Amino acid sequence: MRKTLLCFAFLFFSFSCSELQQVVNQLPQNGPVSSSEIAMGLRQALNKGIDKQVGTLSLEDGFYKNELVKILLPQELQKVDNTLRNIGLGKLADEGLRILNRAAEDAVGEAMPIFVDAVKGITFNDARNILLGSDNAATSYLEERTSKELYDKFNPVIENSFKKVGADKIWSNLIERYNQLPLTENVNPDLTDYVTQEALSGVYTMIAIEEKQIRTKTTSRTTELLKKVFALQD
């Protein structure tokens, strides 16, 4: 569905507003592509994007080895990371980062059914609004409908992930070592909330990337329905 939404967003840049409105006005009628096919195509494209991008994030190193979404330390802890590396404790700093990203990877598995439900709810009116919306309208559609529920799902998973791997001890050790250094200010941020927010940001970032590919690459239309629906933009 993301792909379909993206393709429709591409129309907005390819036609003048008046020309695009003419296309939209014709979509619900008995033309070569019906309104139900358009909505189905959007759902199909989004589902493919979710499986590809969000599914990848849930794998080991899905966040940690993806520079686009890799979770780094919050600003107030950047100095902790830098200082530890400068005094030869780079491995400890790396382990701290790895744990943050592993927790996000654990949590993203909870996103799939929530996205599936959101995609099921797409109507033709939604598709039309996405078509006439901004270049990230598809991503915004999903974010608006899923962000709160995803946060509520992600947060306890991330907290449990930290406990499971002993992250609380690792981070306590890391921060304790830092706080013992002279001329430093003590830090103690809420890492669970921070990683939850970063995980959500990473999910929507990857969805937006898939959205762009749908708009610009005809090879992304891997089914007959996608080809038929997205041919409207060509």
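Preceding this section is the structure that the text describes.
Residues numbered from 1 in each chain as written. Predicted model: local features only at pLDDT ≥ 70, side-chain atom pairs only at ≥ 80, totals over all residues. Heavy atoms only, no water.

Draft legend 1. Main features of the packing of helix α6 (residues 111-120) against helix α8 (residues 137-164). Look at α6 against α8: their axes get within 10 Å of each other, and the N-to-C directions meet at 150°. Classified by the angle between their axes, α6 and α8 sit roughly antiparallel to one another. At the point where α6 passes α8, the crossing takes the right-handed sense. Only Tyr141, Leu142, Thr146, Glu149, Leu150, Lys153 and Phe154 of α8 make contact with α6, whose side of the interface consists of Ala111, Ile114, Phe115, Ala118 and Val119. (Axes fitted to C-alpha atoms, helices over the stretch in contact; angles between N-to-C directions. Helix = DSSP H or I, 4+ residues; strand = E, 2+ residues; numbered from the N terminus. Parallel < 35°, antiparallel > 145°, perpendicular 65-115°, else oblique. Left-handed = near helix turned anticlockwise from the far one by under 90°. Contact = heavy atoms within 4.5 Å.)

Draft legend 2. The arrangement of the nonpolar core in detail. Counting 45 residues, the largest nonpolar core has Phe115 and Phe154 as the members making the most contacts within it. Looking at this core, the element that brings in the most residues is helix α10 (residues 191-216), giving nine residues. Not counting residues up to four positions away in its chain, the partners in contact with phenylalanine 154 are Ala107, Val108, Glu110, Ala111, Thr196, Ala199, Leu200 and Val203. Ranked by size, the runner-up nonpolar core spans seven residues in total, among them Val33, Phe124, Leu225 and Val229. (Core = buried A, V, L, I, M, F, W, Y, C linked by side-chain atoms within 4.5 Å. Buried < 20%, exposed > 50% of the residue type's maximum accessible area, 1.4 Å probe, protein only.)

Draft legend 3. Geometry of α8. Counted at 1.5 Å a residue, the expected span for α8 with its 28 residues is 40 Å, and the 38 Å between its end C-alpha atoms agrees. Along α8, the largest kink reaches about 55° and is centred on threonine 146. Restricting attention to buried positions, one finds in α8 the residues Ala137, Ala138, Thr139, Tyr141, Leu142, Thr146, Leu150, Phe154, Asn155, Ile158, Ser161 and Phe162. (Expected span 1.5 Å × (residues − 1). Bend = angle between axes of the 7 residues up to and from the residue.)

Draft legend 4. Layout of the side chain of serine 161. Mapping serine 161 onto the fold places it in helix α8. Residue serine 161 is classed as buried on the basis of its relative accessible area, which comes to 4%. Here serine 161 is in contact with Arg102, Ala103 and Asp106, once residues within four sequence places are set aside.

Draft legend 5. Molecular detail of unusual backbone geometry. Not every positive phi belongs to a glycine, and aspartate 61 is a case in point at roughly 70°. Mapped onto the elements of the fold, aspartate 61 is located in the loop between α3 (35-57) and α4 (75-86). Relative accessible area serves as the criterion here: at 17%, aspartate 61 is assigned to the buried category.

Draft legend 6. Just the packing of α3 against α6, in detail. At a minimum axis separation of 10 Å, α3 and α6 run at an interaxial angle of 165°. It follows from the interaxial angle that α3 and α6 lie roughly antiparallel. Note on packing geometry: the crossing formed by α3 with α6 is right-handed. For the pair formed by α3 and α6, the contact residues are Arg43, Leu46, Asn47, Ile50, Asp51, Val54 and Gly55 on the first element and Ala111, Met112, Phe115, Val119 and Lys120 on the second. Its residues assigned to classes, the contact of α3 with α6 comprises seven nonpolar, two polar and three charged. (Nonpolar A, V, L, I, M, F, W, Y, C, P; charged D, E, K, R; others polar.)

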